[in-house]
Amino acid sequence: MERKSRHWYWKILAIAGIIILAFVPIAYVSGFATWYADHVYPRIQAVLGRATGWFPFALGEVLMYVVAVYVAVTVIILIVFGILALVRRCKRGKAAKAEPKQSESVDAENEEEPASVAQAAPANLEAPAVQAAPAAPEAPAKRRSRFLPIYMKVFLACVVIGLWLYVFNWWIPYHDYVLSAKTHKKEFTFEEIFYAHNELAKQINAACLAIERDADGKIIYPGRDEAWKTVVRAMQSVSGEYVRLKGYYPMPKVAMCSDVLEWMNIGGYTYPYTLELTYNKYINNLYFYNLLAHEAAHHKGYYKENEAMFLSFYACRASDDPLMVMGGLWDVYWRVYDALSAANEDLDKQGFRASEEQNAYFNSHYVEILPQVYDDFYGAREEAQEAYEEDDHPLEEYRETAEQAADVGWDTQAELIGEFSYDGVLQLVLEYYAGQMTDEDYFLGGK
Ligand SMILES: [Zn+2]
């Protein structure tokens, strides 16, 4: 019986291992990842996303801590068993020198095979003078020899399950190029950046004026459950163009480690192993929309940062809620603003000055952000800061360490993902707006 189950264990593990290894390179085959992300991944997302959604806490986060402890415990166990094995070997070495003929059966006892009661007996019987009482020392030796193989089998099975989830929930969908494939990598002209800037500023200003406020002019924020429904509605409303965005979205969960996320400047996290969305509870109410739309895009299989940023922008722009429009477009606005400033400097450096007529066009068409918008964002940040200060932060002494780790982490991530990093969203946004421009918008003739 035992032999049979062991046989199946290795068979299943080997098959799973081969499948995992095969799909790692297959993810690079042109078109496969996109097909997978459009047709297979949504089924996994619908089932696993619902299943983990039943947990009232972030299961992925708990598992992360459990895995950390599990790995540490395994390392300790391996070290302890390694030392014990060495000690036993030394002892046997000495014994073997005294009685060389019995050394073979002693080694056999050390093997994984538990059928060694009979073989173990002579080993223990070899114990020097106390031949009359072998039973007591034999029992613990036998338990030890079974514990480690079983423990390592469970550990190995967990590793394979983890790798399976990693490859099929994240690795393959990450390698699709739905949005980035549309990028032509061209340089954008001054007018194109100017146009994008103005469109964003116009939409932000209009949204600001449409937001519901109290008698003091302060924004009346909905609860986060309501805000999440707005995000889902907006994501689903653009699923005509981005098919994966339709269907079920699980409720996002508050990250238990919000303190650490706050220090590391992390707004939220999508766990690919459990397909859960989590967010730092100290993020401000206006940033909530942008962040959650971003995490929702990841959850739906758009794992590249630039693509998730773009889809967040795209959904926020189309939202029926002015709060989501204003909050969601703010980050992208500043990216475009920076690009416009750089393009303006470039024009100066090149000695290229617009004609008076063109200058007049620029000045009359430049859209300023309304002062109320700045007030709203300052207000939202202040409220978030107050909420942070109201809570206890028992790990505050590690804040600096977390901040330093975050600096290294963000830099490393940017290097690793290159053009797919957050900054890559600028390209996608400029391309989107450039697609809407008419000849008139090219007032410098730079089409
Ligand atoms: Zn992201």
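Residues numbered from 1 in each chain as written. Predicted model: local features only at pLDDT ≥ 70, side-chain atom pairs only at ≥ 80, totals over all residues.

1. A closer look at the environment of Met256
- Within the secondary structure, Met256 is located in the loop between β1 (253–254) and α10 (258–263).
- The exposure class of Met256 is partly exposed, given the 16 C-beta atoms found within 10 Å.
- The sequence separation of Met256 and Tyr279 amounts to 23 residues, and the corresponding C-alpha distance is 9.1 Å.
- In this structure Met256 touches Ala58 and Glu61, once residues within four positions along its chain are discounted. (Helix = DSSP H or I, 4+ residues; strand = E, 2+ residues; numbered from the N terminus. Buried ≥ 20, exposed ≤ 12 C-beta atoms within 10 Å, placed from the backbone. Contact = placed C-beta atoms within 7 Å.)

2. As for the sheet that holds strand β2 (residues 268–271)
- Sheet architecture is open: three strands sit in the order β1-β3-β2, paired in mixed fashion. The sheet terminates laterally at β1 and β2, the two strands that pair on one side only. (Pairing = 2+ DSSP bridges.)

3. Considerations on the nonpolar core
- In terms of nonpolar packing, the biggest core is built from 70 residues, with Ile204, Ala293, Met326, Leu329 and Val429 touching the most fellow members.
- Within the second largest apolar cluster, six residues are counted, among which are Tyr36, Ala37, Tyr41 and Ile172. (Core = buried A, V, L, I, M, F, W, Y, C linked by C-beta atoms within 7 Å.)

4. Regarding the pairing of strand β3 (residues 276–279)
- Of the two faces of β3, both are covered, the one formed by Glu276 and Thr278 as well as the one formed by Leu277 and Tyr279.
- As judged from the two bridges shared by β1 and β3, these two strands associate in the parallel manner. The residue of β3 that forms the bridge with Val254 is Tyr279.
- Both β2 and β3 contribute to a ladder of four bridges, which runs antiparallel.

5. With respect to the pairing of β2
- Covered by surrounding structure in β2 are Gly268 and Thr270 together with Tyr269 and Tyr271, the residues of both alternating faces.
- Linkage of β2 to β3, two consecutive antiparallel strands, is achieved through a turn of four residues, within which Leu275 is found at a positive phi near 55°.

6. A few points about the packing of helix α12 (residues 305–318) against helix α13 (residues 322–349)
- It is at 8 Å that the axes of α12 and α13 come closest, and there the two elements cross at 145°. Pair α12 / α13 crosses with left-handed handedness. Where α12 approaches α13, its residues Ser312, Phe313, Cys316 and Arg317 are matched on the opposing element by Met324, Val325, Gly328, Leu329 and Val332.
- Looking at side-chain class alone, the contact of α12 with α13 contains six nonpolar, two polar and one charged residues. (Axes fitted to C-alpha atoms, helices over the stretch in contact; angles between N-to-C directions. Left-handed = near helix turned anticlockwise from the far one by under 90°. Nonpolar A, V, L, I, M, F, W, Y, C, P; charged D, E, K, R; others polar.)

7. Side note on unusual backbone geometry
- A positive phi is found at Asn265, a non-glycine position, where the angle reads about 60°.
- With a phi angle near 55°, Leu275 is a residue other than glycine that sits in the positive phi range.
- With respect to the helices and strands, Leu275 occurs in the loop between β2 and β3.
- Taking the C-beta count within 10 Å as the criterion, Leu275 has 28 such neighbours and is therefore assigned buried.

8. Observations concerning the confidence of the model for the protein
- Mean pLDDT over the protein stands at 84; residues scoring 70 or higher make up 85%.
- Note on residues 102–137: pLDDT under 50 across the span, and 29 contacts to partners over four residues away in sequence or across chains. (pLDDT = per-residue confidence, 0-100.)

9. Thoughts on the packing of helix α11 (residues 287–299) against α12
- Viewed as axis vectors pointing N to C, α11 and α12 meet at an angle of 125°, and their least axial separation amounts to 8 Å. Comparing their axes, α12 and α11 come out oblique. The two elements α11 and α12 meet at a crossing, and its hand is right-handed. Taking contact as the criterion, the partners of Tyr289, Asn290, Ala293, His294, Ala297 and His298 in α11 are, on α12, Glu307, Ala308, Met309, Leu311, Ser312, Ala315 and Cys316.
- Class assignment for the residues of the contact of α11 with α12 results in eight nonpolar, four polar and one charged. (Parallel < 35°, antiparallel > 145°, perpendicular 65-115°, else oblique.)

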